[in-house]
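Listed here are the chains, written in short residue letters.
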Amino acid sequence: METDTEGAREEALRRAISGGARPAKPNGIATSFTFGWRALLKIKYIPEQLIDATIFPIMFLLMFTYLFGGALAGSTGDYLQFLLPGILVQTIVTLTMYTGVELNNDITKGIFDRFRSLPIWHPSVLVGALMVDGVRYTMASAIMIILGLILGFRPEGGILGMVAAVLLLQVFAFSLSWIWTTLGMIMRSEKSLMGVSMMVMFPLTFISNVFVDPETMPSWLQGFVEINPISLVVTAVRGLMHGTVTFAEISWVLVAAVILTAVFAPLTMYLYRNKN
């Protein structure tokens, strides 16, 4: 009797499961936001991740303005007008490495393999993380600009110029992030990835027009600074904030962003699908 009852229950359960419509497969937008929410929860429970987006920009801006402003520009006020857009670019491009670091962590912990086995749009794992990086960039930009305004930064381009500068910087940062996701698939640890990223970003950001006018540099160094992609971004951001930007300056940044994305986004996805 008990066996018959259990058999009836099993049969009823099978009918209930097989009779209902299967849930629709989630689209890429939904899964991207899901993985973005996952990244936000990580920040919620480990808020120290935001130190680079909050404390470090403030430290850099204050130190360089008041330590070198008088020597380089004659006054801290004049130097702040030149420095803030550059420090903003330096801060954001440095933050781009975190998506690659988080991806590398997922690979090390094994959850990466679980994500690849899910019936979802696979790029959503990376797109969701990159979307949250946009939150980091916006937060860092807001902190830098508000502090700059308090210290005496006066952008002649007005609010629209500042908003356009931040948007252009975010586009470039999004494209730059694909380099670190590619390396995140290749490097064997997050420490090695951070070491490589700093080895690349440190000279690019310092041998640029972030801190000083390239005209003060030796002629052989000026050539590198002029083609440095960081210099191109700084020039466009500085021009948007001060109302002096040209169409060519914006175009060069967009071209660089398209090239970086076109090269490294497909490469990242190829490594993602074929990672052993």
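Residues numbered from 1 in each chain as written. Predicted model: local features only at pLDDT ≥ 70, side-chain atom pairs only at ≥ 80, totals over all residues. Heavy atoms only, no water.

J.: Before we go on, may I ask you to explain the overall build of the protein chain in this structure?
T.: Of regular secondary structure, the protein chain possesses twelve helices and zero strands. Along the protein chain, from the amino end to the carboxyl end, the secondary structure elements read α-α-α-α-α-α-α-α-α-α-α-α. Taking 2.2 N^0.38 as the reference for a compact globule, 276 residues should give roughly 19 Å; the C-alpha atoms of the protein chain span a radius of gyration of 24 Å, well beyond that estimate. Judged by the C-alpha coordinates and their principal axes, the protein chain covers about 95 × 35 × 35 Å. Each of the 276 residues in the protein chain was classed as buried or not, and the buried ones make up 42%. Long-range contacts, defined here as pairs at least 24 residues apart, represent 77% of the contacts in the protein chain between residues at least 6 apart. For the protein chain, the accessible surface area stands at approximately 14800 Å², while carbon and sulfur atoms represent 70% of it. Between the mean site of the 18 positive side-chain charges and the mean site of the 18 negative ones, the protein chain shows a separation of 8 Å. (Helix = DSSP H or I, 4+ residues; strand = E, 2+ residues; numbered from the N terminus. Rg over C-alpha atoms; globule rule 2.2 N^0.38 Å. Buried < 20%, exposed > 50% of the residue type's maximum accessible area, 1.4 Å probe, protein only. Contact = heavy atoms within 4.5 Å. Areas by Shrake-Rupley, 256 points an atom, 1.4 Å probe, with all protein chains shown as cover. Lys, Arg positive; Asp, Glu negative; His and termini not counted. Charge placed at Lys NZ, Arg CZ, Asp CG, Glu CD.)

J.: Hey, could you run me through the nonpolar core in this one?
T.: Buried together is how nonpolar side chains tend to be arranged in soluble globular proteins. Counting 44 residues, the largest nonpolar core has V89, I92, F172, L176, I230 and M241 as its most contacted members. Listed by contribution, the elements that provide at least two residues to this core are helix 3 (51-73), helix 4 (76-95), helix 7 (124-151), helix 8 (158-186), helix 11 (229-242) and helix 12 (247-274). For I92, the residues in contact, after removing those within four places along its chain, are Y137, A140, S141, L169 and A173. In terms of nonpolar packing, the next biggest core, distinct from the first, is built from 13 residues, F112, V125, L126 and M185 among them. (Core = buried A, V, L, I, M, F, W, Y, C linked by side-chain atoms within 4.5 Å.)

J.: It is not clear to me how helix 7 should be interpreted in this structure. Could you clarify?
T.: Residues separated by three or four positions in an α-helix point in the same direction, a consequence of the helix having 3.6 residues per turn. Taking 1.5 Å per residue, 28 residues should reach 40 Å; helix 7 reaches 40 Å between its end C-alpha atoms and fits that length. Immediately downstream of helix 7, the backbone of G152 shows phi near 125°, a positive value. (Expected span 1.5 Å × (residues − 1).)

J.: Help me out: how do you make sense of helix 4 in this one?
T.: The end-to-end C-alpha distance of helix 4, which contains 20 residues, comes to 26 Å, matching closely the 28 Å that a straight helix rising 1.5 Å per residue would cover. At L83, helix 4 is deflected by roughly 40°, the largest bend along its length, and proline P85 occurs up to four residues later in sequence. The element helix 4 is extensively covered by neighbouring structure, given that 15 of its 20 residues are classed as buried. (Bend = angle between axes of the 7 residues up to and from the residue.)

J.: Got a minute to help me understand the packing of helix 4 against helix 7 in this structure?
T.: Pairs of packed helices are described in terms of their axes, by the angle between the two and the distance that separates them. Look at helix 4 against helix 7: their axes get within 10 Å of each other, and the N-to-C directions meet at 160°. Viewed along their axes, helix 4 and helix 7 adopt a mutual orientation that is roughly antiparallel. As for how helix 4 packs across helix 7, the hand of that crossing is right-handed. Here helix 4 contributes L80, L84, I87, L88, T91, I92 and L95 to the contact with helix 7, which in turn contributes R136, Y137, A140, S141, M144, G148 and L151. Looking at the contact of helix 4 with helix 7 residue by residue, the class counts come to ten nonpolar, three polar and one charged. (Axes fitted to C-alpha atoms, helices over the stretch in contact; angles between N-to-C directions. Parallel < 35°, antiparallel > 145°, perpendicular 65-115°, else oblique. Left-handed = near helix turned anticlockwise from the far one by under 90°. Nonpolar A, V, L, I, M, F, W, Y, C, P; charged D, E, K, R; others polar.)

J.: Looking at this model, I keep getting lost on empty space enclosed by the protein. Mind explaining?
T.: A probe as big as a water molecule, rolled over the atoms, marks out the empty space that is left. The final tally for this structure, using the stated rule, is one cavity of 30 Å³ or more. Its volume calculated, the largest cavity comes out at about 200 Å³. Considering the residues around the largest cavity, the lining is formed by 17 residues, among which R38, A39, K42, E102 and A129 are closest to the centre. Contributions of two or more residues to the lining of the largest cavity are made by helix 2 (28-45), helix 5 (98-109) and helix 7. Top contributing element to the lining of the largest cavity by residue count: helix 7, with six residues. Classifying every residue of the lining of the largest cavity gives nine nonpolar, two polar and six charged. (1 Å grid on protein atoms, 1.4 Å probe; cavity = no way out; pocket = protein on both sides within 12 Å on 5 of 7 lines; lining within 4 Å. Points joined across faces, edges and corners; volume = space filled by probe spheres on them.)

J.: I would appreciate a short explanation of the packing of helix 7 against helix 8 in the present structure.
T.: One way to put it is that helix 7 packs onto helix 8 with a least axis distance of 10 Å and a crossing angle of 140°. Like other packed secondary-structure pairs, helix 7 and helix 8 cross with a definite hand, here right-handed. Here helix 7 contributes L126, L130, D133, G134, Y137, T138, S141 and I145 to the contact with helix 8, which in turn contributes M162, V166, Q170, A173, F174, S177 and W178.

J.: Honestly, the pattern of salt bridges in this entry has me stumped. Any pointers?
T.: Where charged atoms from two side chains of opposite charge approach closely, those side chains can pair. Enumeration according to the criterion identifies one salt bridge in this entry. A salt bridge links D133 to R136, with the shortest nitrogen-to-oxygen separation between them at 3.4 Å. Of this pair, D133 and R136 both sit in helix 7, three residues apart, which is roughly one turn of that helix. On the basis of relative accessible area, D133 is assigned to the buried category, the value being 3%. (Salt bridge = Lys/Arg side-chain N within 4 Å of Asp/Glu carboxyl O.)

J.: So what exactly am I meant to see when it comes to the environment of R238 here?
T.: In this fold, R238 is placed in helix 11. Here R238 falls in the buried class, since its relative accessible area comes to 12%. Considered as a pair, R238 and Y270 are 32 residues apart in the sequence and their alpha carbons are 36 Å apart. Within the local environment of R238, its side chain forms a polar contact with the backbone oxygen of F82, the two atoms lying 2.9 Å apart. (Polar contact = N/O pair within 3.5 Å; in protein donor to acceptor, adjacent residues only side chain to side chain.)

Note that every value here comes from positions in space, so none of it alone points to a role or purpose.
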